[in-house]
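Next come the chains, spelled out residue by residue.
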Amino acid sequence: MIDTSFWNWDHAWAVLPDMLWAFLRVTLVVTIAASAIAAVLGLAIALVRRTAPRPVAAVVTGIMNVIRMTPLVVQLLFALYGLLAIGAEVPSIAIAIVVFGIHYATYMADVYRAGIDAVPRGQWEATVALSMSRGRTWRAVVIPQALRATAPALGNYVISMFKETPFVSVIFVHDMVRTAQLYGGEHFRYIEAITLAGLLFLAASYPTSLLIARLEKRLAY
Amino acid sequence: MPTEHRTHTGAIELADGDVPAIRFQHVVKRFGDHTVLDDLNFTVRKGDRVTLIGPSGSGKTTILRLVMTLEEATDGFILIDDRPLTHVEREGRRVALKEKHRTEMRKRIGMVFQQFNLFPNMTVLENITEAPVHVLRRPKGEAIRRAHELLEQVGLPDKADAHPSALSGGQQQRVAIARALAMDPEILLLDEVTSALDPEVVGEVLGILRDVAANTDVTMLIVTHEMQFARDVSNRVMMFDGGRIVEEGTPEQIFSDPQEQRTRDFLSAVS
């Protein structure tokens, strides 16, 4: 008997546990771990570009542009097969986390840069007038003010990254979307599983975006 | 009576062994093709309160910024306590001094800005204690005690835990004065400190500065459009135009009996 209905709740319920498990084990783990890497590495890149000697800053900028101008999928595959070629056995999920982290760090670096540039000149001048050291100026004055201005934009990149996590399936990590496809292939029913995947993404990103909007208001001086 | 000549070069005769607080020697400052200061020479004695007056663009603020090392002179030398600030002459060449030396020199100098420039991410107390604790390495408890004293002095004893954004412009400028004083500067630079304030709070800020002038021996270099304040606080006035000193003397001399036409024109324009 061929099921011709558009929607069948039996299939929706049947696939739900696997989907939730994939959401927690892959989507959430990659998003959180890669966001942490991107946030820290992005700041490091922004600081190097602002403070390092010109040749060093130029090299960092060059690498950053290469990463941003090539697709994430290509980077995932390059990392996977590159590591295999040199005989390194790294779990695919770890590769996914690091590649996502580095990729998004290059975007977050620009957000930080904008935040640093937005710190008024008078703030820098006040640190000179108070004889503050370079290190203390960055730590106590510039970075805290830059972070405040950038937190919402960084949050929006986290949401983008979250929505791009299905790309991890190209390196054989079974995320929600891949789980939905596999279920579909087995049961010849795709619509329920893929809809659930979309709804789970929506259920997570919408509240997060609201949270970011609230954060934006709270952080205003 | 101190020996003092009214000159057009700004040179002042010092008593023997008297070390000037600030000395400009042939200082030139250019921004691109534009010469802001042209072979400027003057001396400020310790404890002097010198007001710089003159039309905007005459280089007054640039002088303060040079002393604070926010700008670097294109040529010439600036001495603080007879020690070079940023450059020194070696074998006939003008050599830049290291950042470490500049930082040491800077510690003697404080500045209050037109736009206050308080750190918005810190409380009032943190603004005042930041540099004493992290630059002068004073014990935190001592720095906090001193900050409270200073807040008392500027009339804001209950604002220690407020953020600058919660304060009015006049209050912010009073905190900025406290922040500068917390470093116990030998030289205090005041750059149009009332220009950004509402007229009704100008008086309270100037009142505090009058107290500072009366109760300390800090050397002051003041750029202001408040001629009455200049009269009250300063013991010397220098009139600038086109990056040069047009005329200088005591406030009485400059305000009541200016010798130069440009000074008379300027004073009649601002009063």
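Fair warning: this is a prediction, and the values are worked out from it, not measured in the lab.

About the criteria used
Residues numbered from 1 in each chain as written. Chains lettered and ligands numbered in written order. Predicted model: local features only at pLDDT ≥ 70, side-chain atom pairs only at ≥ 80, totals over all residues. Helix = DSSP H or I, 4+ residues; strand = E, 2+ residues; numbered from the N terminus. Rg over C-alpha atoms; globule rule 2.2 N^0.38 Å. Buried ≥ 20, exposed ≤ 12 C-beta atoms within 10 Å, placed from the backbone. Contact = placed C-beta atoms within 7 Å. Pairing = 2+ DSSP bridges. Right-handed = clockwise from strand over helix to strand, strands pointing away. Axes fitted to C-alpha atoms, helices over the stretch in contact; angles between N-to-C directions. pLDDT = per-residue confidence, 0-100. Nonpolar A, V, L, I, M, F, W, Y, C, P; charged D, E, K, R; others polar. Expected span 1.5 Å × (residues − 1). Parallel < 35°, antiparallel > 145°, perpendicular 65-115°, else oblique. Left-handed = near helix turned anticlockwise from the far one by under 90°.

Colleague: Which parts of the structure should I look at to understand the overall build of chain A?
Modeller: Scanning chain A from terminus to terminus reveals eight helices and zero strands. Across chain A, helices and strands are ordered from the amino to the carboxyl terminus as α-α-α-α-α-α-α-α. In terms of C-alpha radius of gyration, chain A reaches 22 Å, well past the compact-globule figure of 17 Å for 221 residues. Structurally, chain A occupies a C-alpha span of about 80 × 45 × 25 Å along its principal axes. Counting every position in chain A, which comprises 221 residues, the buried fraction comes to 32%. Pairs at least 24 apart in sequence give 79% of the contacts found in chain A among residues at least 6 apart.

Colleague: What is the right way to read the overall build of chain B from this model?
Modeller: Check the secondary structure of chain B and you find nine helices and twelve strands. Against the 2.2 N^0.38 benchmark of 18 Å for 271 residues, chain B shows a C-alpha radius of gyration of 19 Å, consistent with a compact globule. Its C-alpha atoms give chain B principal-axis dimensions of roughly 50 × 50 × 40 Å. Scored against the burial criterion, the 271 residues of chain B give a buried share of 43%.

Colleague: What should I look at first to understand the pairing of strand β10 (residues 219-223) of chain B in this one?
Modeller: Residue and element names in this part refer to chain B. The element β10 is extensively covered by neighbouring structure, given that five of its five residues are classed as buried. A two-sided burial pattern is seen for β10, the buried positions comprising T219, L221 and V223 on one face and M220 and I222 on the other. Sheet analysis places strand β3 (residues 49-53) next to β10, joined by four bridges and oriented parallel. Paired with L52 across the two strands is V223, which belongs to β10. For strand β9 (residues 187-191) and β10, the ladder comprises five bridges, and the chain directions are parallel. In the sheet register, D191 faces β10, and the bridge partner there is V223. Chirality of the crossover, the property in question, places the unit of β9, helix α6 (residues 199-215) and β10 among those that are right-handed.

Colleague: Looking at this structure, how should I read the sheet that holds β10 of chain B?
Modeller: Hydrogen bonds between backbone atoms are what pair the strands of a sheet, whose relative direction is either parallel or antiparallel. Residues and elements named next belong to chain B. If you walk across this open sheet you meet the six strands as β8-β9-β10-β3-β11-β12, and the pairing is mixed. Among the strands making up the open sheet, the edge pair consists of β8 (109-112) and β12 (244-249). When strand polarity is set aside, the average angle formed by the axes of neighbouring strands in this sheet is 20°. Against the sheet, helix α5 (residues 169-181) touches β8 and β9, its axis set at about 175° to β8.

Colleague: In this structure, what is going on with the confidence of the model for chain B? I would like to understand it.
Modeller: Residue and element names in this part refer to chain B. Across chain B, pLDDT averages 91, with 94% of residues at or above 70. Across residues 1-11 the pLDDT falls below 50, and counting only partners more than four positions away or on other chains, this stretch makes 16 contacts in the model. The complex model carries a pTM of 0.86, and its ipTM stands at 0.90.

Colleague: What am I meant to see in the interface of chain A and chain B here?
Modeller: Accessible area lost during the coming together of the parts is what is often quoted as the interface size. Listed by partner, the interface residues are 16 residues for chain A and 20 residues for chain B. Put simply, the parts of the chain that give the side of chain A that touches chain B at least two residues each are α5 (121-129) and α6 (134-164) of chain A. A per-class count over the side of chain A that touches chain B returns nine nonpolar, four polar and three charged.

Colleague: Before we go on, may I ask you to explain unusual backbone geometry in this structure?
Modeller: Across the chain, the bulk of peptide bonds are trans and the bulk of non-glycine residues have phi less than zero. The backbone of F188 of chain A sits at a positive phi, close to 55°, despite the residue not being glycine. By secondary structure assignment, the location of F188 of chain A is in the loop between α7 (176-187) and α8 (191-219). With a phi angle near 45°, E192 of chain B is a residue other than glycine that sits in the positive phi range. Here E192 of chain B falls in the buried class, since 20 other C-beta atoms lie within 10 Å of it.

Colleague: Would you take a moment to explain helix α3 (residues 72-85) of chain A for this structure?
Modeller: Residues three or four positions apart in an α-helix share a direction because the helix packs 3.6 residues into each turn. Its 14 residues give α3 of chain A an end-to-end C-alpha distance of 20 Å, which sits within 8% of 20 Å, the value for a rise of 1.5 Å per residue. Positive backbone phi, at 75°, marks G87 of chain A, one or two positions downstream of α3 of chain A.

Colleague: What's the story with the pairing of strand β7 (residues 93-96) of chain B in this structure? I'm lost.
Modeller: Every regular strand shows the same layout, with side chains that alternate between the two sheet faces. Residue and element names in this part refer to chain B. With four bridges joining them, strand β6 (residues 87-90) and β7 adopt antiparallel strand pairing. Across the sheet, E89 pairs through a bridge with R94, a residue of β7. Here β6 folds back onto β7 in antiparallel fashion, the turn holding two residues, of which E91 has a positive phi close to 50°.

Colleague: Would you mind showing me how to read the packing of α7 of chain A against α8 of chain A here?
Modeller: A packed helix pair is summarised by two numbers, namely the angle formed by the two axes and the spacing between the axes. All names here are of chain A. Following both chains from N to C, one finds α7 and α8 inclined at 165°, their axes separated by 8 Å at the closest point. The orientation of α7 with respect to α8, classified from their angle, is roughly antiparallel. Both α7 and α8 take part in a crossing whose hand is right-handed. Within the contact between the two elements, α7 uses M176, V177, A180, Y183 and G184 and α8 uses A193, I194, L196, A197 and L200.

Colleague: Explanation requested: the environment of D161 of chain B in the structure shown.
Modeller: Residues and elements named next belong to chain B. Examined against the element boundaries, D161 turns out to sit in the loop between α4 (140-153) and α5. Between the alpha carbons of D161 and E91 there is a distance of 53 Å; along the sequence they are 70 residues apart. When residues no more than four places from it in sequence are discounted, the contact partners of D161 are T123 and L125.

Colleague: Explanation requested: the sheet that holds strand β4 (residues 75-80) of chain B in the structure shown.
Modeller: All names here are of chain B. On the basis of which strands lie adjacent, the open sheet formed by four strands has the order β2-β1-β4-β5 and antiparallel pairing. Edge positions in the open sheet fall to β2 (34-45) and β5 (83-84), since each of these has one partner strand only. Pairing geometry for strand β1 (residues 20-31) and β4, over five bridges, is antiparallel. Within the sheet, the bridge partner assigned to V28 lies in β4 and is D75.

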